[in-house]
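Reading the structure
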Number of protein chains: 2
Amino acid sequence: MNIGDASERSGLPAKTIRYYEDIGLLKPGRSENGYRDYSMNDVHRLKFLQRSRSLGFSVEECRQLLSLYGDTQRESADVKALAQIKLGEIDRKIAELQSLRDTLRHLVRNCHGDARPDCPILDELAGKPAAGAGKSAAQDKELSPRH
Amino acid sequence: MNIGDASERSGLPAKTIRYYEDIGLLKPGRSENGYRDYSMNDVHRLKFLQRSRSLGFSVEECRQLLSLYGDTQRESADVKALAQIKLGEIDRKIAELQSLRDTLRHLVRNCHGDARPDCPILDELAGKPAAGAGKSAAQDKELSPRH
DNA sequence: GCTAGGGCTTCCAGTAACTGGAAGGTCAAG
DNA sequence: CTTGACCTTCCAGTTACTGGAAGCCCTAGC
């Protein structure tokens, strides 16, 4: 199929799809007329890229994730280890999104537009370090539990 | 506190913090010596930025999210509507991450490194359109259920 | 006081990941 | 056979940082 179809099916702009080809994330065939020709497999890769990019994985991380497909030379152990690392990252992202959601929900419920200088939700926000950056020297009783 | 502390507490590099100031996401005070001086409130904003940026929200979206704090001029209805939209986006992101995680997990379990040309997980992947791009013309019996 | 070190400042240049636009080839419809 | 949609390449611009230079501030040791 042509790039327009691939774009529609993957949710990625054609520009971006060509860019991904430039940087070696896929190599679609070419038709007689020189147009790019995408297989279903290509579309799946694109869709996977669309999803993982929109969720905050870098292109290089996406390249790793994609290497879990198709790269039949890789050894089981490598694949499994890589996938395990990425699964951990995904779980962390899910937890962070949930905490972000809680923050926002709480905010909607408690801060309904009255003119207060400091928003009480900020404490809440600070209270959940989201498993970050290994043992950061912060967290030293930083917040007075006011309000 | 100085930018170094703010950096450590927020998990953002000092460079990025200055950049966020440049584009108007916060306005820390200045000490006598000209150094930036961050309040706890500033640190919370930074932490919030760190989280939401790492989860795939654009800087402009983060600006909107941040406007839910502190902008006491905004009307309740506006705030609520905006937050509702963002909550929807967050829920969608969580769902996508979960589906991504399922895909990866499934992949780890089923594709343990044997030399097959197409990965069976692709079916799985394609089967979950992840609420995307309205009614895409895809899904037309695309994959033969081999593997 | 003097100097070395680390942290801070601004400014400018570079990178990553697109994104828009020009200039032109291809192709089905009228 | 022309119009319009879609495709091509190439080059320039944008977003969101990131690195590095040049220089000020501040504490510590001699």
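Numbering of residues starts from 1 in every chain and runs along the sequence as written. Both sets of labels track the order of writing: A upward for chains, 1 upward for ligands. Note on the predicted model: pLDDT of at least 70 is required for a residue's local features to be given, and 80 or more for side-chain atom pairs to be given and counted; whole-chain, interface and lining totals, by contrast, use all residues. The side-chain quantities take in all heavy atoms of the structure and omit both hydrogens and water.

**Examining the protein's contact with DNA strand D**
This is how the line gets drawn: Whether a residue is near a molecule or strand depends on its heavy atoms: if one lies within 4 Å, it is near. N or O atoms closer than or at 3.5 Å make up a polar contact, with two conditions inside protein: a donor-capable atom paired with an acceptor-capable one, and, for residues adjacent in sequence, both atoms drawn from side chains.
Taken together, 19 residues lie near DNA strand D, and Gly4(A), Arg36(A), Lys15(B), Tyr20(B) and Arg53(B) sit nearest. Per the 4 Å cut-off to the protein, sugar and phosphate atoms form 68% of the nearby atoms of DNA strand D. Contact between DNA strand D and Gly4(A): a phosphate oxygen at 2.7 Å from a main-chain N or O atom of the residue. Here a phosphate oxygen of DNA strand D sits 3.2 Å away from a polar atom, N or O, in the side chain of Arg30(A).

**Quick word on the protein's contact with DNA strand C**
Contacts to DNA strand C come from 19 residues, most closely from Lys15(A), Tyr20(A), Tyr35(A), Tyr35(B) and Arg36(B). Counting only the atoms of DNA strand C that lie within 4 Å of the protein, the sugar and phosphate share comes to 67%. Contact distances for DNA strand C include 2.9 Å between a phosphate oxygen and a side-chain N or O atom of Asn33(A). Side-chain polar atom of Arg18(B) to a phosphate oxygen of DNA strand C: 3.0 Å apart, as the coordinates give it.

**A short note on the packing of aromatic side chains**
Residue and element names in this part refer to chain A. In plain terms, the rule: Classification of ring pairs uses Phe, Tyr and Trp, with its six-membered ring standing for Trp, and accepts pairs whose centres are within 6.5 Å; under 30 degrees between planes counts as stacked, over 60 as edge-to-face, and the remaining range as tilted. The cut-offs for exposure are 20% and 50% of the maximum accessible area for each residue type, with area from a 1.4 Å probe on protein chains only; residues under the lower value are buried, those over the upper are exposed, and the others partly exposed.
Within this structure, the stated rule accounts for 2 aromatic pairs over all chains. Here Tyr19 and Tyr20 contribute two aromatic rings whose centre-to-centre distance is 6.0 Å and whose plane-to-plane angle is 45°, an arrangement assigned as tilted. A residue is classified by how much of its surface remains accessible, and Tyr19, at 46% relative accessible area, is partly exposed. According to the relative accessible area criterion, Tyr20 is buried, its value standing at 5%.

**Some remarks on the side chain of Arg36(A)**
As a reminder, the rule being used: Helix and strand labels come from DSSP, where a helix needs a run of H or I of at least four residues and a strand needs a run of E of at least two; each type is numbered from the N terminus.
Here Arg36(A) is to be found in strand β2 (residues 36–37). Separated by 2.6 Å, the side chains of Arg36(A) and Glu21(A) make a polar contact.

**Description of the side chain of Ser52(B)**
Note the threshold: In this analysis, two residues are considered to be in contact whenever any of their non-hydrogen atoms come within 4.5 Å of each other.
One can find Ser52(B) in helix α3 (residues 40–54). On the basis of relative accessible area, Ser52(B) is assigned to the buried category, the value being 0%. Excluding its chain neighbours within four sequence positions, the residues that come into contact with Ser52(B) are Leu100(A), Phe57(B), Cys62(B) and Leu65(B).

**Some points on the packing of α3(B) against helix α4 (residues 59–67) of chain B**
In helix packing, the relevant descriptors are the interaxial angle and the interaxial distance, both defined with respect to the helix axes. Residue and element names in this part refer to chain B. Note the following rule: Helix axes are fitted only over the stretch in contact, all axes being lines through C-alpha atoms; the angle between N-to-C directions runs from 0 to 180 degrees. Relative orientations are named as follows: roughly parallel for angles under 35 degrees, roughly antiparallel for angles over 145 degrees, roughly perpendicular for angles from 65 to 115 degrees, and oblique for any other angle. Here is the rule for handedness: rotate from the far helix to the near one, and if that takes an anticlockwise turn smaller than a right angle the crossing is left-handed, while a clockwise turn gives right-handed. Here the nonpolar group is Ala, Val, Leu, Ile, Met, Phe, Trp, Tyr, Cys and Pro; Asp, Glu, Lys and Arg are the charged ones; every other residue, Gly included, is treated as polar.
For the pair α3 and α4, interaxial distance at closest approach is 10 Å and the crossing angle is 135°. It follows from the interaxial angle that α3 and α4 lie oblique. For the pair α3 and α4, the sense of crossing is right-handed. For the pair α3 and α4, the contacting residues are Arg45, Phe48, Leu49, Ser52 and Arg53 in the first and Val59, Cys62, Leu65 and Leu66 in the second. Partitioning the contact of α3 with α4 into residue classes produces 6 nonpolar, 1 polar and 2 charged.

**Re the nonpolar core**
What counts is decided by this rule: The term nonpolar core refers to a set of buried residues drawn from Ala, Val, Leu, Ile, Met, Phe, Trp, Tyr and Cys, joined through side-chain atoms within 4.5 Å.
Leu46(A), Leu97(A), Leu46(B) and Leu97(B) are the most contacted members of the largest nonpolar core, which totals 59 residues. Excluding residues that lie within four positions of it along the chain, Leu97(A) makes contacts with Leu55(B), Phe57(B), Ile90(B), Lys93(B), Ile94(B) and Leu97(B).

**Remarks on the environment of Arg18(B)**
Residue and element names in this part refer to chain B. Tracing the sequence through the fold places Arg18 in helix α2 (residues 14–22). Owing to a relative accessible area of 32%, Arg18 belongs among the partly exposed residues under this scheme. Expressed as a C-alpha distance, the spacing of Arg18 and Pro28, which sit 10 residues apart in the sequence, is 9.9 Å. Not counting the four nearest positions on each side in its chain, Arg18 is found in contact with Ile3 and Arg36.

**Overview of the confidence of the model for chain A**
Residues and elements named next belong to chain A. Worth spelling out the cut-off: The predictor's confidence in any single residue is recorded as pLDDT, a number from 0 to 100.
Looking at chain A, the pLDDT average stands at 74 and 66% of residues meet or exceed 70. Predicted confidence in chain A is weakest over helix α6 (residues 121–126), with a mean pLDDT of 46, and strongest over β2, with 97. In this model residues 112–118 is a low-confidence stretch, pLDDT under 50, and it forms 10 contacts with partners more than four residues away in sequence or in other chains. Low pLDDT, under 50, characterises residues 121–147; the stretch is placed with 40 contacts to residues that sit more than four places away or in other chains.

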